[in-house]
Amino acid sequence: MKWMIDVDNLNKNFFLHTQGEAKIPVFRDFRLKLKHDESVALVGPSGVGKSTLLRLLYGNYKIGSGKILVRHNGDVLNMAGADPHMILHIRKWTMGYVSQFLRVIPRVPAIQVVMEPLKVRGVSEKEARPRAEVLLTRLRIPKRLWSLSPTTFSGGEQQRINIARGFIATYPVMLLDEPTASLDPVNSRTVVEIIKEALSQGTSVIGIFHDEDIRNSLASRRVEIQPINNHNCSK
Amino acid sequence: MCMKDSDHIPLLKVKSISKYYGRRIGCHGIGFELWPGEVLGIVGESGSGKTTLLNCISGQLEPSEGAVWYASNGGVIDMCKAPEPQRRLVMRTEMGTVYQNPRDGLRMHVSAGGNIGERLMANGLRHYGQVRRKALNWLEKVEIDQERIDDTPDTFSGGMQQRLQIARNLVTGPRIIFMDEPTSGLDVSVQARLLDLLRGLVTELDLSMVMVTHDLAVTRLLAHRLIVMKDGEAVESGLTDQVLDDPQHPYTQLLVSSILQP
Ligand SMILES: Nc1ncnc2c1ncn2[C@@H]1O[C@H](COP(=O)(O)OP(=O)(O)OP(=O)(O)O)[C@@H](O)[C@H]1O
Ligand SMILES: [Mg+2]
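Thresholds, definitions, all that
- Residues numbered from 1 in each chain as written.
- Chains lettered and ligands numbered in written order.
- Predicted model: local features only at pLDDT ≥ 70, side-chain atom pairs only at ≥ 80, totals over all residues.
- Heavy atoms only, no water.
- Phe/Tyr/Trp six-rings, centres within 6.5 Å; stacked < 30°, edge-to-face > 60°.
- Buried < 20%, exposed > 50% of the residue type's maximum accessible area, 1.4 Å probe, protein only.
- Helix = DSSP H or I, 4+ residues; strand = E, 2+ residues; numbered from the N terminus.
- Lys NZ or Arg CZ within 6 Å of the ring centre and 35° of its normal.
- Near = heavy atom within 4 Å.
- Polar contact = N/O pair within 3.5 Å; in protein donor to acceptor, adjacent residues only side chain to side chain.
- Areas by Shrake-Rupley, 256 points an atom, 1.4 Å probe, with all protein chains shown as cover.
- Contact = heavy atoms within 4.5 Å.
- Disulfide = S-S within 2.5 Å.
- Salt bridge = Lys/Arg side-chain N within 4 Å of Asp/Glu carboxyl O.
- Buried area = accessible area lost by both parts, 1.4 Å probe.
- Nonpolar A, V, L, I, M, F, W, Y, C, P; charged D, E, K, R; others polar.
- Patch = residues over 30% accessible without salt bridge, like charges linked within 9 Å, V, L, I, M, F, W, Y side chains within 5 Å.

For the rest of this paragraph, the subject is the packing of aromatic side chains. In the structure shown here, the tally under the stated rule is 3 aromatic pairs over all chains. With a centroid separation of 5.0 Å and 55° between ring planes, the pair formed by Phe27(A) and Phe30(A) is classed as tilted. We note that Phe27(A), like Phe30(A), is buried. Between Tyr58(A) and Tyr97(A) the ring centres are 4.8 Å apart and the planes differ by 40°, which places this aromatic pair in the tilted class. Highlighted residues: Tyr58(A) in the loop between α1 (50–57) and β4 (65–72) and Tyr97(A) in strand β6 (residues 95–98), separated in sequence by 39 residues. For Tyr58(A), a relative accessible area of 15% puts it in the buried group. Residue Tyr97(A) is classed as buried on the basis of its relative accessible area of 17%. Above the ring of Trp138(B), the side-chain terminus of Lys141(B) is found at 4.9 Å from the ring centroid. The ring of Tyr251(B) carries Lys230(B) above its face, with NZ or CZ at 5.5 Å from the centroid.

Residues in contact with ligand 1 amount to 14 residues; listed here are only the nearest, Ser46(A), Gly47(A), Lys50(A), Ser51(A) and Thr52(A). The local environment of ligand 1 is shared, drawing residues from chains A and B. Contacts to ligand 1 include Ser46(A), whose side-chain N or O atom sits 2.6 Å from an oxygen atom. Here an oxygen atom of ligand 1 sits 2.8 Å away from a polar atom, N or O, in the side chain of Lys50(A). In the complex, the protein chains occlude 68% of the 640 Å² of accessible area that ligand 1 would expose alone. Going through the elements one at a time, β1 (3–16), β2 (22–35) and α1 of chain A are the ones with two or more residues in the shell around ligand 1. Among the elements that line the shell around ligand 1, the one with the most residues is α1(A), at 3 residues.

For helix α10 (residues 250–257) of chain B, the set of buried residues is Tyr251(B), Thr252(B), Gln253(B) and Val256(B). In the core, the buried residues of α10(B) are packed alongside β1 of chain A together with β3 (39–44), α8 (216–222), β9 (225–230), β10 (233–239) and α9 (240–245) of chain B.

What follows concerns the state of the cysteines. Taken as a whole and judged by the stated rule, the model has 0 disulfides over all chains. No disulfide involves Cys27(B); its nearest neighbouring cysteine sulfur is the one of Cys56(B), lying 4.8 Å away.

Even without a glycine there, the phi angle at Glu178(A) is positive, about 45°. Summarising the element assignment, Glu178(A) is placed in the loop between β7 (173–177) and α6 (185–200). By relative accessible area, Glu178(A) is classed as buried at 18%. In this structure, Glu181(B) is a non-glycine residue whose phi angle is positive, near 45°.

Below, the discussion takes up the side chain of Ser99(A). Residue and element names in this part refer to chain A. Among the structural elements, serine 99 can be located in the loop between β6 and α3 (110–119). The class of serine 99 is buried, set by a relative accessible area of 16%. There is a polar contact of 2.8 Å between the side chain of serine 99 and the backbone oxygen of phenylalanine 101.

This part is about the pattern of salt bridges. Here the structure, examined in full by the defined rule, presents 28 salt bridges over all chains. Salt-bridge contacts for Glu193(A) lead to Arg138(A); the nearest nitrogen and oxygen are separated by 3.2 Å. Here the residue Glu193(A) occupies a position in helix α6, and Arg138(A) occupies one in helix α4 (residues 125–138), the gap between them amounting to 55 residues. Overall, the relative accessible area of 44% leaves Glu193(A) in the partly exposed class. Judged by relative accessible area, Arg138(A) falls into the partly exposed class, the value being 27%. For Glu94(B), the salt bridge goes to Arg175(B), with nearest N and O atoms at 3.4 Å. On the criterion of sequence distance, the pair formed by Glu94(B) in helix α2 (residues 84–94) and Arg175(B) in the loop between α6 (158–170) and β7 (176–180) is long-range, its members being 81 residues apart. We classify Glu94(B) as buried; its relative accessible area is 7%. A network of salt bridges, in which partner residues are shared, links Lys35(A), Glu38(A) and Arg221(A).

This part takes up the interface of chain A and chain B. Across the contact, 28 residues belong to chain A and 28 residues belong to chain B. Both faces combined, the contact of chain A with chain B buries some 2400 Å², and carbon together with sulfur accounts for 51% of it. The largest contributions to the chain A side of the interface with chain B come from His85(A), Arg103(A) and Arg107(A), which together make up 23% of the buried area. Seen at the junction of chain A and chain B, the total is 5 salt bridges. Here Asp196(B) and Arg107(A) are joined by a salt bridge, their closest N and O atoms 2.6 Å apart. On the surface where chain A and chain B come into contact, there are 13 residue pairs in polar contact (both at pLDDT 80 or more). At the level of secondary structure, the elements contributing two or more residues to the side of chain A that touches chain B comprise β1 and α2 (84–93) of chain A. In terms of residue class, the side of chain A that touches chain B is made up of 11 nonpolar, 7 polar and 10 charged.

Where nonpolar side chains cluster on the molecular surface, the patch consists of Ile9(B), Trp69(B) and Val76(B) and spans about 280 Å² of accessible area. Overall, the relative accessible area of 48% leaves Val76(B) in the partly exposed class.

So, about the environment of Met121(B). Residues and elements named next belong to chain B. Its location among the elements puts methionine 121 in helix α4 (residues 112–122). Each C-alpha atom, one on methionine 121 and one on threonine 172, is 9.7 Å from the other, the two residues being 51 residues apart in sequence. Those residues in contact with methionine 121, other than ones at most four positions away along the chain, are Arg126 and Val131.

This is the structure:
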């Protein structure tokens, strides 16, 4: 089966220059292949680097060394050293990402936040709006909130806006960081349904799911991230 | 699906630009590419060379070294070497500049309508009625009461003056806008409104923009990519969220850590 993402020999350290030059090693020669149609769950203790991996894949964190190859528009591109223009193009068409928390933009109404990924693809407001409305309704966001900025929304409401935004466009690859973490059971179930629909439409997923049952129902494979032995690394 | 990507070649290719003021370094060895529809933020402390770099790119200052390739409607030209009339024409028809101080960008004794119409007329539009209609239309777009069309900008508030500068620049449909701290002299709420306006216009018109600012929150809001400057050098550059969330250079880390939630 053809792969969508190929992580090869990935290394990542954080250097905290303003805090006594502390070095935090997170990945050492890490490998992972995400096949087409596959849904991989990342597991490992808190702080091991699960979210960091998703952010590296998305180009949000800078790759130390190694490769992250992504199949994009029929080409294979390396996220390491990719020009911002390329990364934006990959995010627009190939890779979606639902972060654990919504980063709210002040004064932008919730429905606009949700429509944006379609609009950057050139879809008109007229076409994008009904799709946003369907998702917002499904996720039980009261209509009176649609035109308000999510700044004042509850954690769970913000997270549902985030999910709607993440799933309004379809992507070959989705990165999910604890998408149901701050949701009640009913909304959690809806989100699981939405993710399953994406999977059945051919989206490949790499996700972090803290809930064992949800993980089992969504993932076709588990990848354990091992802590790096800090004693072995010299500064 | 509609591919909006008009982006087969970069709009701007800046190659290793340096500017020396005598023995002092204004900026040194800076290069980047800017694509249609992209916003570049230039950040750094005061005196780090941000404005020097901006002025070199926008054709207002001749760099000591390097080249600025601009993909104009009539083909790619080197802004530093092109004959003066060609360079002026491109600057007038395809580029716009919004200055930090509205006095540098507006004619304070000419009416708001005149300020907007001036560039249209310089570009050959002679019909008075059309010029006035376009001016009214742009006043509305930048949220200035149309009844103020015959008033001079010195009777406007700071925020209105900046919005008028934007209208004056955008009326001729430029492809790229240069801005130097366009919001710095304004109250926070006025600043917010101006930023909302800019964000809307950038997407609506598929504009490219190069913007100097010392405010990282502004770059998070508007810029796709960032250049961080210190002592005339670009110490770091890249995708805005990457530079802000995983800054590599000690100076960038210091900048990011000294603000609350950029
Ligand atoms: N931007 C950053 N700058 C510096 N260090 C970071 C940054 N992001 C993450 N880290 C560090 O990298 C390590 C991995 O963090 P990460 O958030 O990826 O863990 P996680 O596996 O997702 O944990 P959890 O299950 O608690 O969410 C931690 O030591 C964290 O402090
Ligand atoms: Mg995490």
